[in-house]
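# A structural walkthrough
Chain by chain, the residues run as shown.
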Amino acid sequence: MIAFVSGPVAALAPTTAVIEVGGIGMALQCTPQTLAALRVGQEARLATSLVVREDSLTLYGFADDDERQVFELLQTASGVGPRLAQAMLATHSPDALRLAVSTGDEKALTAVSGIGKKGAQKLLLELKDRLGAPVGAHIGQQGIGTPHASGWRDQLQAALIGLGYASREADEAVSAVAPQAEAAVAEGVAPPVPQLLRAALQTLNRAR
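Residues numbered from 1 in each chain as written. Predicted model: local features only at pLDDT ≥ 70, side-chain atom pairs only at ≥ 80, totals over all residues. Heavy atoms only, no water.

As recorded in an unreviewed UniProt entry, the protein goes by Holliday junction branch migration complex subunit RuvA and comes from Streptomyces microflavus. Word for word, the UniProt comment on the protein under Subcellular location (unreviewed entry) is "Cytoplasm". (UniProt positions renumbered as here; feature names shortened; annotations may be inferred.)

Okay, a nonpolar patch on the surface next. A surface patch of nonpolar side chains, about 280 Å² in accessible area, is lined by L50, V52 and L57. Relative to the helices and strands, L50 is located in strand β4 (residues 43–53). (Patch = residues over 30% accessible without salt bridge, like charges linked within 9 Å, V, L, I, M, F, W, Y side chains within 5 Å. Areas by Shrake-Rupley, 256 points an atom, 1.4 Å probe, with all protein chains shown as cover. Salt bridge = Lys/Arg side-chain N within 4 Å of Asp/Glu carboxyl O. Helix = DSSP H or I, 4+ residues; strand = E, 2+ residues; numbered from the N terminus.)

Now for the nonpolar core. One recurring pattern in soluble globular proteins is that nonpolar side chains are buried together. Core analysis: the biggest nonpolar cluster contains 23 residues, and L74, M88, L109, I115 and L123 have the highest contact counts within it. Looking at this core, the elements that each hand over two or more residues are β4, β5 (56–62), α2 (65–74), α3 (82–91), α4 (94–103) and α6 (117–127). Of the domains in this structure, domain 1 (4–62) and domain 2 (65–128) are the two that each give at least three residues to this core. W152, A159, A173 and L201 belong to the second-largest nonpolar core, a separate cluster that totals 20 residues. (Core = buried A, V, L, I, M, F, W, Y, C linked by side-chain atoms within 4.5 Å. Buried < 20%, exposed > 50% of the residue type's maximum accessible area, 1.4 Å probe, protein only. Domains from an automatic or database assignment.)

So, about the domain arrangement of the protein. Per the domain assignment, the segments of the protein are domain 1 (4–62), domain 2 (65–128) and domain 3 (152–207). Computed from C-alpha atoms alone, the centre-to-centre distance between domain 1 and domain 2 is 22 Å. Facing the 13 residues of domain 1 at the interface are 10 residues of domain 2. Taken together, the two surfaces of domain 1 and domain 2 that pack against each other cover about 1,000 Å², and 55% of this comes from carbon and sulfur. (Contact = heavy atoms within 4.5 Å. Buried area = accessible area lost by both parts, 1.4 Å probe.)

Let us look at the UniProt feature "domain: Helix-hairpin-helix DNA-binding motif class" (unreviewed entry) in the protein. The UniProt record marks residues 72–91 and 107–126 with the feature "domain: Helix-hairpin-helix DNA-binding motif class" (unreviewed entry), using the residue numbering of this structure. A helix fraction of 70% and a strand fraction of 0% characterise residues 107–126, whose end C-alpha atoms lie 16 Å from each other.

This next bit is on the pattern of salt bridges. Close approach of charged atoms allows side chains with opposite charge to pair. Tallied over the full model, the rule gives six salt bridges. One salt bridge in this structure joins R98 and D95, with 2.8 Å as the shortest N-O distance. Pair noted here: R98 and D95 are both in helix α4, with a separation of three residues, about one helical turn. The closest approach of N and O atoms between E182 and R153, which form a salt bridge, is 3.6 Å. One end of the pair, E182, is in helix α10 (residues 167–186); the other, R153, is in helix α9 (residues 152–162), and 29 residues separate them in sequence. For E182, a relative accessible area of 45% puts it in the partly exposed group. Taken together, the shared-partner salt bridges in this structure form one network comprising D66, D95 and R98.

Before going further, it helps to spend a moment on the packing of α2 against α4. Contact geometry for α2 and α4: axes closest at 9 Å, N-to-C directions at 40 degrees. Between α2 and α4, the angle falls in the class oblique. Facing α2, whose interface residues are D66, E67, V70 and L74, α4 presents P94, L97 and R98. A per-class count over the contact of α2 with α4 returns four nonpolar, no polar and three charged. (Axes fitted to C-alpha atoms, helices over the stretch in contact; angles between N-to-C directions. Parallel < 35°, antiparallel > 145°, perpendicular 65-115°, else oblique. Nonpolar A, V, L, I, M, F, W, Y, C, P; charged D, E, K, R; others polar.)

The next thing to look at is the pairing of β5. Taken together, the two bridges between strand β3 (residues 24–29) and β5 define a ladder with parallel strand orientation. Bridging across to β5, L28 finds its partner in L59. Once β4 ends, the chain turns through two residues before running back antiparallel as β5. (Pairing = 2+ DSSP bridges.)

Below, the structure written as structure tokens:
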């Protein structure tokens, strides 16, 4: 198992970071939050989880060991593969997921793309004794998904700048997708940053 990779960031894409390790470029699937903290040419250290399939080897990258552990625990629930587990972490922080499961918050889980009401109910039952209690003292005060919900603009802008767009272009793209994010907030769910990033990139591609 590859526990982590460390080295300069060679390239960034909407869902992938390439880290140079000993002259080899390691492609890691990452959430927008993780990608937003990376810059091409700068050193990075990402915790990793290797997913082995018959026809592929996929390396997932995380900001820290806690995020990786939650990613792996989520997959112990039936029907949860690496893509859905990553989508859950793109929508909620590890502690927000722990709190959602410990309090039986269906709404928090249905905010994740790909999880419906029945799926959320099933996940709450299966994960109840697996994720454990929240470890951050601030989570109880801020509520489910709040860090990701309130910071979607910063995350999206940082991700776009990290992909090489100018600040002005990033600002315009963020403004273009703001109605989608605000609609999610109005419904009491965290804005879906991965979907917003894709939509923002589409507006930028149309502008060029």
